[in-house]
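Coordinate analysis (summary)
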Amino acid sequence: MSIPASINPPPRLLMGPGPITADPRVLRAMSAQLVGQYDPWMTDTMNEVMGLYRQVYITDNQQTLLVDGTSRAGIEAALVSLLEPGDRVLVPIFGRFGHLLAEICRRAGADVHTIETEWGQVFTEEALEAALVDVQPKVLAVVHGDTSTTVAQPLEGLGELCERHGALLYVDCTATLGGNEFRTDEWGIDVATSGLQKCLGGPSGSAPVTFSPRAVEVIESRKSIEEGIRAEGDPVSAHPIRSNYLDMAQIFDYWSERRLNHHTEATTMLYGSRECARILLQEGLAQSWARHDLHGRAMLAGTTALGLEPFGALAYRMTNVVGVHIPDGVNGDEVRAAMLEDFGIEIGTSFGPLHGKVWRIGTMGYNARTDAVLQTLAALEAVLRRAGHRAAAGAGVDAAYDLYGTAV
Ligand SMILES: *Cc1c(COP(=O)(O)O)cnc(C)c1O
């Protein structure tokens, strides 16, 4: 058998809905050497990471840490640890990831109630309150920005509503954290989970999560120490969390001062997560939100000038991904293939009801940059013209230039 050459990926500009091109500083941090997981330096570094993500999440929650795995590991860890079989949960669905939350809750054995709205729209506060009154759930589980539809559910006020109706509020902010305003404590969010490969500018594989004291209490009541390492007096719950790897009670202990053994820390991902948060906080949260907003608006102006009709409720648009209708007579997959092969630029297709109808173009993390936006618009215009779509020469780039107010 022949041995393949060493890994040598083609140069790409990832302008889809995620993953995006990682910040080179994050990749460099990830090339640092390993240290034993109970080394005092490692303990300090884990504590440092908790402190950094408290700032990213804008929270005082002690339990702010990393779940090893992609964003979905964080989502599943949160839901499977909060929900016992038979617990009522309310999941408002406005895109693909709402369906994912509902599925994970069902597999956890919860009594799942959903409300749905058309993809591209969000729920009114009245609709959410009516459902809360109707269902009386233990947990309301909702996506913030659903990349499948490019819109974000407004969250302000929702925490208060949940508190009034006795529910815990869980939010999947994978696609929005770092690039859109997100305030965990101020908005009364009990649990939030995220990932690195969207606005945080890193690779997928680590899920920063945060849990309020209220949520921690619910989870701690289900604590069971693993057989074989269980000592005299250690708890054995009558209703244990139905996962070992994603058991948040054990993961809290692992990240606590006691450092109770659970999994082997994914040290390289810890370095990457640390660098993502460090870079973001060095820029400033408000500055990063504004940068995502600026480049998102430039991409929207550029695609609109190319004659591409925007998708979804623009008032609720995520800052970091633009959805556009694929023009009549244009083959969406062929255009994406030409963008990739001829220009090395990846843009996104869509799922479910939007498949074949909408492209999704991201401007996030490391790629929320003027040059990335202008290159993508220039390439898109060239490819669209060859695909038979008529657009005024230079219209996309000019519209973005105008928005940036760039003079030569
Ligand atoms: C991208 C995205 C995810 C991704 O989950 P992974 O496990 O990292 O693939 C989850 N939720 C939302 C809302 C997303 O946009």
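Residues numbered from 1 in each chain as written. Predicted model: local features only at pLDDT ≥ 70, side-chain atom pairs only at ≥ 80, totals over all residues. Heavy atoms only, no water.

When its secondary structure is counted, the chain shows 13 helices and 13 strands. Taken over C-alpha atoms, the radius of gyration comes to 22 Å for the chain, in line with the 22 Å a tight globule of 408 residues would show. Dimensions of the chain, computed from the C-alpha atoms along their principal axes, are close to 75 × 55 × 50 Å. Classification of the 408 residues of the chain by burial places 56% in the buried group. Relative to all contacts within the chain whose residues are 6 or more apart in sequence, the contacts with residues 24 or more apart total 71%. On the chain, roughly 17,300 Å² of surface is accessible, and the fraction owed to carbon and sulfur atoms is 51%. Separation between the mean location of the 32 positive side-chain charges and that of the 50 negative ones in the chain comes to 4 Å. (Helix = DSSP H or I, 4+ residues; strand = E, 2+ residues; numbered from the N terminus. Rg over C-alpha atoms; globule rule 2.2 N^0.38 Å. Buried < 20%, exposed > 50% of the residue type's maximum accessible area, 1.4 Å probe, protein only. Contact = heavy atoms within 4.5 Å. Areas by Shrake-Rupley, 256 points an atom, 1.4 Å probe, with all protein chains shown as cover. Lys, Arg positive; Asp, Glu negative; His and termini not counted. Charge placed at Lys NZ, Arg CZ, Asp CG, Glu CD.)

This paragraph deals with the site of the ligand. Every residue near the ligand is listed here: Thr70, Ser71, Arg72, Phe97, Val143, Gly145, Thr147, Asp172, Thr174, Ala175, Gln197 and Lys198. Between the ligand and Thr70, the relevant distance is 2.6 Å, taken from an oxygen atom to a side-chain nitrogen or oxygen of the residue. Measuring from an oxygen atom of the ligand, one finds a backbone N or O atom of Arg72 at 2.8 Å. Coverage of the ligand by the protein chains reaches 87% of its 390 Å² of free accessible surface. (Near = heavy atom within 4 Å. Polar contact = N/O pair within 3.5 Å; in protein donor to acceptor, adjacent residues only side chain to side chain.)

This paragraph deals with the pattern of salt bridges. Under the definition given, this model contains 18 salt bridges. With a closest N to O distance of 3.0 Å, Asp190 and Arg214 form a salt bridge. Residue Asp190 is located in the loop between β8 (168–172) and β9 (191–193), and its partner Arg214 is located in helix α7 (residues 213–220); the two are separated by 24 residues in the primary sequence. Residue Asp190 is classed as buried on the basis of its relative accessible area, which comes to 5%. With a shortest N-O distance of 3.2 Å, Glu220 and Lys223 are connected by a salt bridge. With relative accessibility at 27%, the residue Glu220 sits in the partly exposed group. Assessed through its relative accessible area of 14%, Lys223 is described here as buried. In this structure, a network of salt bridges that share partners links the residues Glu220, Lys223, Asp253 and Arg258. (Salt bridge = Lys/Arg side-chain N within 4 Å of Asp/Glu carboxyl O.)

Let's shift gears to the domain arrangement of the chain. Here the domain parsing of the chain yields domain 1 (24–281) and domain 2 (285–406). Taken over both partners, the interface formed by domain 1 and domain 2 buries close to 2,100 Å², and the fraction arising from carbon and sulfur atoms is 68%. Summed over the shared surface of domain 1 and domain 2, the result is 0 salt bridges. Viewed at the interface, domain 2 and domain 1 are joined by 10 residue pairs in polar contact (both at pLDDT 80 or more). (Domains from an automatic or database assignment. Buried area = accessible area lost by both parts, 1.4 Å probe.)

This part is about helix α2 (residues 40–57). For α2, built from 18 residues, the straight-helix expectation of 26 Å at 1.5 Å per residue is met to within 8% by its first-to-last C-alpha distance of 26 Å. Regarding α2, the residues found buried are Met42, Thr43, Thr45, Met46, Val49, Met50, Leu52, Tyr53, Val56 and Tyr57. Buried residues along α2 sit in contact with β2 (63–68), β9, β10 (206–211), α8 (248–255), α9 (267–283) and α10 (285–305). Between the side-chain oxygen at the start of α2 and the backbone nitrogen of Trp41 there is a gap of 2.9 Å, and the oxygen is on Asp39. Looking one or two residues past α2, Ile58 carries a phi angle of roughly 55°, positive in sign. (Expected span 1.5 Å × (residues − 1).)

On to the environment of Gly205. Counting through the fold element by element, Gly205 comes out in the loop between β9 and β10. Judged by its relative accessible area of 17%, Gly205 is buried. Discounting chain neighbours no more than four positions away, the residues touching Gly205 are Asp68, Gly69, Thr70 and Met269.

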